[in-house]
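# Fold and contact review
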Amino acid sequence: MTSHAVEVVGLSKRFGSMTALEQIDFKIADGEFVSLLGASGCGKSTLLRIISGFDRPSRGQVLIYGEDLTNRLPERRPTNMVFQRGALFPHMSVRENVGYGLRLRGVQRAQINARVDEMLALVRLEALGDRDPAQLSGGQAQRVALARALAAEPRVLLLDEPLSALDLKLRQQMQLELRAIQKRLGATFVFVTHDQTEALVMSDRIAIMNAGRIEQYGTPRDIYRRPSSIFVSDFVGATNLLRGHVSGLSADGVTLDTEVGTLHAAIGPGLQLGQRVALSIRPEAIRVGRGAGASADRQIAGAIAEIVYQGNSIRLRVVVAGSVSVWVECRDEEADGLGIGNDVTLSWAAGAANLLRES
Amino acid sequence: MSNSSNAMTDRAPGGGIAPLLPAGLFYFLFFGVPMLSLLVISLWRAQGFVLIPDFTFANYQKVIESDLYRGVLLRTIGVGLGAAAIVVPVAFTLAYIMRFVFERRGQLILQLVMLSLFSGYLVRIYAWRTILGKQGLLNSALQWLGLIEEPLEFLIYSQFSVVVTLVGLLLPMAVLPLYSAMLNVPRDHIEAARDLGANRFHLLRTILVPMVMPGVRTAFAFAFLLAAGDYVTPTLVGGTQSVMIGNMIADQFRGTGTNWPLGAAMAFIVVGVSLLLYVAITQVVRWVTRW
Amino acid sequence: MGDEMVKSRLLPGLFVALVLFYLYAPIIVIVFFSFTTSPRLSLPVEGLTLAWYARAFSDPLIPMALQNSAILALLSAVGGGVAGAAFAYGLVTLRNRRWRDALLSASMLPAIVPLLVIGIALAVFFRTIGLPQGLTGAAVGHVLVSLPFVILTMNSRLESFDFTILEAARDLGASRFQAFRDITLPLIRPSVVGAALLAAALSLDEFVITWFNIGSQQTVPTLVWGLMRRGIDPSVNAIATFLLVLLTCLVIGSNLLNKRNS
């Protein structure tokens, strides 16, 4: 009998007249690291608060390991939370913070001590047990918050943007650390973030949220390479959207009439003649050829309008068909000898372009 | 829309209304009900010591039409405005200095200013009588130094002594709201305005005053209301020529010729006039500080 | 620090000194003349004495006044402190922001309505319901004037209270009560005690409402008032100095507790 770690069924949440979540259905498997990714106000934090029990859904259910916990108080749920800014108890030492959950359960002092030692070792803060939270750096405080939540032995750990207050270097280091801890413990983590890189780096699966709905739920690779909507392709990573409509359908593909000319793409499900679509192509998936070539199925011609040096790579803005900008990302040496005003030919592989319907 | 976003960012787990109840009930029972009763009584009539329920504005009319009462009322407003006109600018300057000149010592100065507030209300009024009295400290010191021959009479039992005393009492109450309002003004804003070429006067009129307007309003309200409503100061340091409405109200409730409805009407006229002035002055300040 | 800095701070410093002098001159005078032999409170000073203290504390009304003042201060501290702290807590946890602001403003009213009017309204109210003048009515008045100050100071303390730590406690398995006992209470206790001390100080100093409601009883301020009305009596300075020391201790204690908590 394998039940999912978390199962959310038909969940909706309204605040007054505003809908925060609309018909959310999704499942998280045991031991998975799942990120809820979206801009602020998309409903990701509300969803996490409903799973943790701090908010009640207007409709729908939350199941944890098969048990319906929709109406259970937060203190009686097998979930624990790492809060955005740690939320450490300022009047307790680090050790007291970490042991608080166990103390509430009436665990013996010796056992609490052992568990606290174990958790502090896990987050590499053995030496700071007797400090006050006010004496900790941002990264240390978040490690203590993690240790405190894990010490209570949750079946599911919820993390509400725990790294967002840290600076970039520390954040990147903590991302890897968090991921390593999760793998070591084999625990189920649900991680809320607005940072797409963070989600891509850490997650087994990502749920992209927008306006109270889950737009796409899949592995980072899926999300990046096979975005299911214009929103997702635009939100995760940078992309070029070539807009137009379907002008021909055949067994081997679709002909598109776009703002940069006639293009060809692989067939997608449920496409109709005349339908408004966009072709999404990542900047790094485009190859740059010197000189003006003829437009073809997967090839367009344009002129370089801007060159942005980024250190490890170079971005080119190429103007196609007089007014449409297409961004291309390539390695430094690939752009050798290219200058503003040069004519170029852009092309891409068949699998690199995603055909997305306009909503 | 704003309502729902509030609900989203709510920090507190709803504590319910239970914690509000004890103080809330207390307010209702011992503030709301007595004040409303007094308002009702101001519409009654008094015959000798007997109160006759009625619905008449005769008491209000009497206060406004009687030369004596109207004169006292106008003098009270004058003293209140005079005190506020000194207190608010002085408190504003002090708060500005605390915030922008002595930044780190600001809190310490505030503590000192507030501490004086809690050093005995009666005592401070009494002390001013000691200082300003005919044979008081100031006069005797001046005579001792040979600067004057006869004691200066205007120092005590006059409007002067009333205002001097009130300013000392009210200053701390005005500094507090002004200082906390200025704490909310980022230094950057001041520097940005100067960078854009605002001179000191411009800065004051178009940046600082509008930004600390809530503080100015509170400070003015405190200063004027407490000055106009004070009872002890005119009694102790005011002379017969500086009787204020508070003394007349008190006379209607204590002593021989009591008339509760009349006293109640006076009380609400003071409160009403204060509110009107408060609104009027706020408007004037807003108008002056417009672009 | 350059010359220009020194100069630019000279005038403001002078201004601050002048204002503080103005505020503290009366206090200095009172304390000073409570120790001088001259009964007329004028210069020059001839000698120092503790006689005024002896005379003040041999006043037959002093024990009653001290006792009543202590009772009222205690009632204000406990009643005003606890009810006011609870009210402020209720306010910051209120979900509707508009209600929160409206209730906070309304709770400030007794600080703005002239004390005289409140005193009279209470006196008339107590007369109407048949409560004779005395300590009970005065106590109600004292709690009423202390509430706005307690609520205001507690409110500004609690505004910066991080409520997510209560959620963190609940999340770790604490019930509503356990979270209050383990987290909220230890964190706000110094503030509550500070607010209670403030309420006690306000009560010790309260005169106007007391005077209209206490009847034939005495508190320290009404006693001082009686002595003042009788003319210049240096024993007033002695009692006033005593009161001043008491109030200063309470207010400084209150401030220290609040500061430690922030």
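Further up the page is the structure itself.
About the thresholds
- Residues numbered from 1 in each chain as written.
- Chains lettered and ligands numbered in written order.
- Predicted model: local features only at pLDDT ≥ 70, side-chain atom pairs only at ≥ 80, totals over all residues.
- Helix = DSSP H or I, 4+ residues; strand = E, 2+ residues; numbered from the N terminus.
- Contact = placed C-beta atoms within 7 Å.
- Pairing = 2+ DSSP bridges.
- Axes fitted to C-alpha atoms, helices over the stretch in contact; angles between N-to-C directions.
- Nonpolar A, V, L, I, M, F, W, Y, C, P; charged D, E, K, R; others polar.
- Core = buried A, V, L, I, M, F, W, Y, C linked by C-beta atoms within 7 Å.
- Buried ≥ 20, exposed ≤ 12 C-beta atoms within 10 Å, placed from the backbone.

Turning our eyes to something else, we now look at the overall build of chain C. Scanning chain C from terminus to terminus reveals 12 helices and 0 strands. The order of α-helices and β-strands along chain C, N terminus first, is α-α-α-α-α-α-α-α-α-α-α-α. The principal-axis extents of the C-alpha atoms in chain C amount to approximately 70 × 70 × 30 Å. Within chain C, residue pairs in contact and separated by at least 24 positions form 77% of the contacts whose partners lie at least 6 positions apart.

It is worth spelling out the sheet that holds strand β19 (residues 343–347) of chain A at this point. All names here are of chain A. One open sheet accounts for 5 strands, arranged β15-β19-β16-β17-β18; its pairing is antiparallel. Whereas interior strands pair on both sides, the edge strands pair on one side only; in this sheet they are β15 (287–290) and β18 (324–330). Averaged over all pairs of adjacent strands, the angle between their axes in this sheet comes to 45 degrees, without regard to strand direction.

This next bit is on the interface of chain B and chain C. Listed by partner, the interface residues are 70 residues for chain B and 67 residues for chain C. With 13 residues, the single largest contributor to the side of chain B that touches chain C is helix α2 (residues 21–41) of chain B. Each residue belonging to the side of chain B that touches chain C can be placed in one class, and the counts come to 49 nonpolar, 18 polar and 3 charged.

Turning to the nonpolar core, a few remarks are in order. As a rule of thumb, nonpolar side chains are buried together in soluble globular proteins. Core analysis: the biggest nonpolar cluster contains 162 residues, and A91(B), L170(B), A174(B), L178(B), A223(B) and V224(C) have the highest contact counts within it. The biggest single contributor to this core is helix α8 (residues 159–183) of chain B, with 16 residues. Contact partners of L178(B), with chain neighbours within four places excluded, come to A91(B), F92(B), A95(B), V212(B), G215(B), V216(B) and A219(B). In terms of nonpolar packing, the next biggest core, distinct from the first, is built from 73 residues, I24(A), M119(A), L178(A) and I206(A) among them.

With 15 residues of chain C at the contact, the number on the chain A side is 16 residues. Within the residue set of the side of chain C that touches chain A, elements represented by two or more residues are α8 (164–171) and α9 (176–205) of chain C. Per-element tally for the side of chain C that touches chain A: the top contributor is α8(C), with 6 residues. For the side of chain C that touches chain A, the class distribution of residues is 7 nonpolar, 4 polar and 4 charged.

All names here are of chain A. Spatially, β13-β12-β11-β14-β20 is the arrangement adopted by the 5 strands of the open sheet, whose pairing is antiparallel. Looking at strand neighbours, the two that pair on one side only are β13 (261–265) and β20 (353–357), the edges of this open sheet. Between one strand axis and the next, the sheet turns through 40 degrees on average, direction left out of account. Examined bridge by bridge, strand β14 (residues 276–281) and β20 share 5 bridges and lie antiparallel to one another. By the bridge assignment for β20, A278 is matched with L356.

That is the geometry; function is a separate question.
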